[in-house]
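Report on the structure
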Amino acid sequence: MLLHLHPQSTEEDIRETLSWLAAHNNEPVYLPGAGSGRIVLLAPNPDCREQFGLLPGVCKATPLFSPYKLAGRESCPDDTIITVGRIQIGGGEPVVMAGPCAVESREQTRLAAQMAKEAGAQILRGGAYKPRTSPYTFQGLGRAGLEILAEVGRELGLPTITEVITPEDVPEVAQYVDVLQIGARNMQNFALLSAAGESGKPVMLKRGLAATIEEWLLAAEYILRTGNRQVILCERGIRTFEPATRNTLDLSAVALARALTHLPVVVDPSHGTGRPELIIPMARAAIAAGAHGVMVEIHPDPCSAKCDGSQALNLTELKTLVYEVNATGKLMASLATERMEKR
Ligand code: PEP
Ligand code: MN
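Summary of the structure given here. (Residues numbered from 1 in each chain as written. Chains lettered and ligands numbered in written order. Predicted model: local features only at pLDDT ≥ 70, side-chain atom pairs only at ≥ 80, totals over all residues. Heavy atoms only, no water.)

**A short note on the overall build of the protein chain**
- A count of helices and strands for the protein chain gives ten helices and 14 strands.
- For the protein chain, whose C-alpha radius of gyration is 21 Å, the value lies close to the compact-globule estimate of 20 Å for 343 residues.
- Taken along its principal axes, the extent of the C-alpha atoms in the protein chain is 65 × 50 × 40 Å.
- In the protein chain, which comprises 343 residues, the proportion classed as buried is 52%. (Helix = DSSP H or I, 4+ residues; strand = E, 2+ residues; numbered from the N terminus. Rg over C-alpha atoms; globule rule 2.2 N^0.38 Å. Buried < 20%, exposed > 50% of the residue type's maximum accessible area, 1.4 Å probe, protein only.)

**Here we look at the packing of aromatic side chains**
- Evaluated as defined, the whole model comprises one aromatic pair.
- Between Phe190 and Tyr222 the ring centres are 4.3 Å apart and the planes differ by 25°, which places this aromatic pair in the stacked class. In this pair, Phe190 sits in helix α5 (residues 190-198) while Tyr222 sits in helix α6 (residues 213-224), placing the two residues 32 residues apart along the sequence.
- By relative accessible area, Tyr222 is classed as partly exposed at 32%.
- One residue, Lys306, lies across the ring of Phe138, its end atom 5.1 Å from the ring centre. (Phe/Tyr/Trp six-rings, centres within 6.5 Å; stacked < 30°, edge-to-face > 60°. Lys NZ or Arg CZ within 6 Å of the ring centre and 35° of its normal.)

**Brief notes about the side chain of Thr162**
- In this structure, Thr162 sits in strand β9 (residues 160-163).
- When its relative accessible area of 1% is taken as the criterion, Thr162 is described as buried.
- At 2.5 Å, the side chain of Thr162 forms a polar contact with the backbone oxygen of Gly126. (Polar contact = N/O pair within 3.5 Å; in protein donor to acceptor, adjacent residues only side chain to side chain.)

**What about the site of ligand 1?**
- Close contacts around ligand 1 come from Arg125, Lys130, Glu163, Gln181, Gly183, Ala184, Arg185, Lys206, Arg236, His271 and Glu297, and that covers them all.
- Contacts to ligand 1 include Arg125, whose side-chain N or O atom sits 2.7 Å from an oxygen atom.
- Here an oxygen atom of ligand 1 sits 2.9 Å away from a polar atom, N or O, in the side chain of Lys130.
- Relative to its unbound accessible surface of 290 Å², ligand 1 loses 96% to contact with the protein.
- A per-class count over the shell around ligand 1 returns one nonpolar, three polar and seven charged. (Near = heavy atom within 4 Å. Areas by Shrake-Rupley, 256 points an atom, 1.4 Å probe, with all protein chains shown as cover. Nonpolar A, V, L, I, M, F, W, Y, C, P; charged D, E, K, R; others polar.)

**Structural notes on the sheet that holds β9**
- Pairing is parallel around the closed barrel formed by eight strands, whose spatial order is β7-β8-β9-β10-β11-β12-β13-β14. With direction set aside, neighbouring strand axes in the sheet form an average angle of 25°.
- Strand direction decides the pairing type here: strand β13 (residues 265-267) and strand β14 (residues 293-297), joined by two bridges, are parallel. When the sheet's bridge partners are listed, Val267 is paired in β14 with Val294. (Pairing = 2+ DSSP bridges. Axes fitted to C-alpha atoms, helices over the stretch in contact; angles between N-to-C directions.)

**Some points on the state of the cysteines**
- Tallying each qualifying case throughout the model produces zero disulfides.
- Cys59 supplies the cysteine sulfur nearest to Cys48, a cysteine that is in no disulfide, at a spacing of 19 Å.
- Cys101 supplies the cysteine sulfur nearest to Cys234, a cysteine that is in no disulfide, at a spacing of 13 Å.
- The buried category is assigned to Cys234, whose relative accessible area is 0%. (Disulfide = S-S within 2.5 Å.)

And the structure:
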């Protein structure tokens, strides 16, 4: 059930209505937006049905058909914009997140961050807890890695993002970084999704290796229903029969997710292709498909990387990527303006 609020409804009206709905077990969630926003009832109580349209500030009550009660455009038509430091994700300009697959040392992370900064990337990535296929490969530096990432990010003025792999680690990781990343392998780790949501930090949710778009968006609901509205979706390629690329980057998922949800959508062409020569073209294509940004892996010395060195970009490549992502963003914005003018 969706309660549409009068544009003139007061804060007092909304507070009163929310507390009545909660007291009558309707699980209300307030979504600010155009006008005075809307209230979604996650569990509408049938005994209250007659009252919904009469509550203070409410102009009408309509059924909510979308399975994505909080992520769907039905409950929130306007794009969500997430602010990380001075950066906005989901708004006008595309965002580039770059950094090493894993934080390996202070020196390696600082050099990678300098590359990111010089090229014009806005957010520094780096894994401290690595979900590796083999238990015998480098698993990340853990807390020491978080400390390095946070310190280097602060030094260079770059907000940071890192993956968290267990619910127990969430409070610690949230202390160190600006954005929590849920990796593809954990997309349906529901306890982790709830814990990440409860941290109150922005959460970037990667699509699972074999997840449908519906499963991905329903996973986002687990984060949103904690009251945390700062969810970024990340398409990172899915498993198909094609072995020529590491994964099959599903850019149709980007256009579809943009239509279905108000949440920002970004693309990881590094894991999506696993091939450096494909990362720049796929980054351009991602922006053309409607993505709000890209995440890519870089390394100051890819041959010595402990993890994913073969897909790491160098400084020259990263500079080209940032330039072309921004240029594609501008082209998309001018096409959108032209489309509006023709209406
Ligand atoms: C990563 O970004 O470091 C990572 C492990 O990605 P994914 O979860 O998409 O495999
Ligand atoms: Mn990687």
